[in-house]
Amino acid sequence: MISHDILIVGAGLAGMRAAVATSPHLNVGILSKVHPVRSHSVAAEGGINAAVDPSDSWEAHMFDTVKGSDWLGDQDAIEILCREAPHAIMELERMGALFSRDPHGAIAQRNFGGLGFPRTCFVADRTGHALVHLLYEQLVKRAVQVYEEWYVTELIVEEGVCRGVIAFNILTGEIEAISAKAIIIATGGLGTVFGVSTNGLINTGDGMALAYRAGLPLQDMEFIQFHPTTLKETGLLITEGARGEGGYLFNARGERFMDKYAPKMKELASRDVISRAAYQEIREGRGVDGCVMLDIRHLGRDKIMERLPQIYELARLYAGVDAVEVPIPVTPGVHYSMGGIATNTDTATSVIGLYAAGESAAVSVHGANRLGGNALMETIVYGRRAGVQASEFAQQMAQAPFPLHRLQQEKERIASLLECDKGERMGGVKHDIGRVMTDHFGIVRTDQQMQEGIRRLKEIRPRMEHLVLQDRGKIFNSELIDLLQLHSIMDIAEVIAVSAAAREESRGAHYRSDFTKRDDVKWLQHTLAYKGAETPRLDYRPVTITRIPLGERKY
Ligand SMILES: Cc1cc2nc3c(=O)[nH]c(=O)nc-3n(C[C@H](O)[C@H](O)[C@H](O)COP(=O)(O)OP(=O)(O)OC[C@H]3O[C@@H](n4cnc5c(N)ncnc54)[C@H](O)[C@@H]3O)c2cc1C
């Protein structure tokens, strides 16, 4: 059996930052279903928030984040994020991050939605690419053991203590037990639960599903972020940086419609506000072929090529649009999960020895709506904390025994998936889950719509028992991985659906046309979803409010 002091599941920015923060005296492994630099963090575009300018402050960053979260974010967690952010940027720069500069040679910062100060550091519109490669270099430098193209199928928790994981070596098809004193889950987001999203196909909510199946609660899963600007018919992200640099939105009548919905901040209001506005414009017939238009022409070719080269290319290649000459057709699309595995501010979960960080965790710094640029900073600040906390834990504890019978059971379960020979192919099921989630748990929700969605998911569930694979081989069986991921998608879809239907208010990204107001009396609380016998079981916990009293959210 493979054994480590610390095993990190996920090698995106959160997982790699955690690995780099672990004690050099410990035996650390990091495992990823894709090569680390293909982790989805690589796709991050617009930037990373920190109050590095002397005329800015972490307190102002904290205020913007709390307001952006519609007061559902935990303020102790947000304070840590905002206080530590400037130092985190300096650390990244010392490691070699090539942040874009202003004319004086200082780190340039751009405007982003919901920020009262241009606070977003960036590397053109390829920030994730730059940071992922930077941290991968650090992994190599520290000779951390990397298991690339390994897929975790089960998290082993017994008597409230995490014992390790069971993982599948995709290359050889071997299924192995990996024991560790501490495990850090850093498995990223869940966009594919909705079918089309800004996320790559690898964002299937695996880590959240692993934790959920092991009995841990998933927090605030009803809060799904719809990004206002995804490229027409593709789901590809057109970064908020485009609006941060001065781009604006208009409808079929040529009206700059954000004047109406957010008179002060306009295109730089928070994402939930702009997505609902664009949705309303399109629904009320003021869209252009199901889109609104993003105009960056006035920035001029030079600035577009310097600051936004990637979205220029995306628009050209996938929509046939030369953004220097014509506006880009965009529409709101599924982007990010504010919810995840519930943790405290030390990234510890309710299971001893189990930590979580990054998009798969809910610490909760984003509450009901994340501000652009805060997710990357969360991966760095809380990834680091996870590495430090897990190290302290692993240095004090002995390895709890690994129950090897669980390995045998898992091998039998996976063999039975390969042997199933009566039933349907999985594509139809995946498509149907995505359709239900898109149609019933979108930007605007109602009770009737969501109950119907839950009913349709219940109809889909039994089909999961009879899915037939064409590839029954051991070596690089990507079809089997797709099936295992589909199990995550199904579980997470149910959790989102049940959590959303229960919350009878509108807050941040969860907007209900039958409960249009925020209700702080009943709903100023986090949802916790536990695995129940048939459907998720819900509980709630209070929100932590320390410095910033409840207020109205207007942009
Ligand atoms: C297109 C796009 C642009 C974005 N731009 C920005 C931005 O500019 N600023 C910002 O703040 N945020 C941005 N975000 C959000 C941000 O990029 C993500 O929230 C963040 O990068 C997630 O990092 P992570 O480390 O948590 O997960 P990821 O980078 O997604 O890494 C997850 C890791 O887990 C591994 N994994 C998952 N499941 C398993 C399994 N079962 N077994 C083994 N390994 C597994 C994966 O292989 C991967 O290594 C953007 C998101 C998208 C989709």
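The structure under discussion appears in the preceding block.
Read on for a plain summary of the structure. (Residues numbered from 1 in each chain as written. Predicted model: local features only at pLDDT ≥ 70, side-chain atom pairs only at ≥ 80, totals over all residues. Heavy atoms only, no water.)

On to the sheet that holds strand S5 (residues 120-121), then. Read from one edge to the other, the open sheet built from 3 strands follows the order S3-S5-S4, with strand pairing classed as antiparallel. At either margin of the open sheet sits one strand with a lone partner, and together these are strand S3 (48-49) and strand S4 (109-110). Examined bridge by bridge, S3 and S5 share 2 bridges and lie antiparallel to one another. For Ile48, the partnering residue across the bridge sits in S5 and is Cys121. (Pairing = 2+ DSSP bridges. Helix = DSSP H or I, 4+ residues; strand = E, 2+ residues; numbered from the N terminus.)

Right, let's talk about the packing of helix H13 (residues 426-440) against helix H15 (residues 478-502) for a bit. Look at H13 against H15: their axes get within 10 Å of each other, and the N-to-C directions meet at 25°. Between H13 and H15, the angle falls in the class roughly parallel. With respect to the hand of their crossing, H13 and H15 are arranged in left-handed fashion. Contacts between H13 and H15 involve Met426, Val429, Lys430, Ile433 and Met437 from the first element and Glu479, Asp482, Leu483, Leu486, Ile489, Met490, Ala493, Ile496 and Ala497 from the second. Here the contact of H13 with H15 is built from residues that sort into 11 nonpolar, no polar and 3 charged. (Axes fitted to C-alpha atoms, helices over the stretch in contact; angles between N-to-C directions. Parallel < 35°, antiparallel > 145°, perpendicular 65-115°, else oblique. Left-handed = near helix turned anticlockwise from the far one by under 90°. Contact = heavy atoms within 4.5 Å. Nonpolar A, V, L, I, M, F, W, Y, C, P; charged D, E, K, R; others polar.)

A separate point is a nonpolar patch on the surface. Together, Leu171, Ile475 and Phe476 give the surface a local cluster of nonpolar side chains, amounting to about 310 Å² of exposed area. By the element assignment, Ile475 lies in the loop between helix H14 (447-460) and H15. Taking relative accessible area as the criterion, Ile475 reaches 57% and is therefore assigned exposed. (Patch = residues over 30% accessible without salt bridge, like charges linked within 9 Å, V, L, I, M, F, W, Y side chains within 5 Å. Areas by Shrake-Rupley, 256 points an atom, 1.4 Å probe, with all protein chains shown as cover. Salt bridge = Lys/Arg side-chain N within 4 Å of Asp/Glu carboxyl O. Buried < 20%, exposed > 50% of the residue type's maximum accessible area, 1.4 Å probe, protein only.)

Attention now moves to the side chain of Arg286. Its location among the elements puts Arg286 in helix H8 (residues 271-286). Within the local environment of Arg286, its side chain forms a polar contact with the side chain of Glu281, the two groups lying 2.8 Å apart. If sequence neighbours within four positions are ignored, Arg286 has contacts with Asn251, Ala252, Arg253, Glu255, Lys260, Tyr261, Gln280 and Glu281. (Polar contact = N/O pair within 3.5 Å; in protein donor to acceptor, adjacent residues only side chain to side chain.)

This part covers the side chain of Thr65. As for its position among the elements, Thr65 is in helix H2 (residues 58-68). A polar atom in the side chain of Thr65 sits 3.2 Å from the side chain of Asn374. Setting aside chain neighbours within four positions, we find Thr65 in contact with Ile78, Cys82, Val365, Leu371 and Asn374.

Taken together, 38 residues lie around the ligand, and Ser39, Ser41, Gly46, Gly47 and Glu359 are the ones closest in. A distance of 2.6 Å separates an oxygen atom of the ligand from a polar side-chain atom of Ser39. Interatomic distance of 3.0 Å between a side-chain N/O atom of Asp206 and a nitrogen atom of the ligand. When the ligand sits alone it has 1000 Å² of accessible area, and the protein chains cover 98% of it. Residue assignment for the shell around the ligand shows that the elements contributing at least two residues are helix H1 (13-21), strand S2 (28-32), strand S7 (150-158), strand S14 (328-337) and helix H11 (374-396). (Near = heavy atom within 4 Å.)

The next subject is the sheet that holds strand S17 (residues 361-362). Taken together, the 5 strands give an open sheet; going across it, the order is S17-S15-S10-S18-S19, and neighbouring strands pair in mixed fashion. Of all strands in the sheet, those with a lone pairing partner are S17 and strand S19 (537-542), marking the two edges. Where strand S15 (residues 340-342) lies against S17, 2 bridges are found, and the strand directions are parallel. Paired with Ala342 across the strands is Ala362, a residue of S17. Contacting strand S10 (218-219), S15 and strand S18 (525-530), helix H5 (residues 206-213) crosses the sheet at an angle of about 40° to S15.

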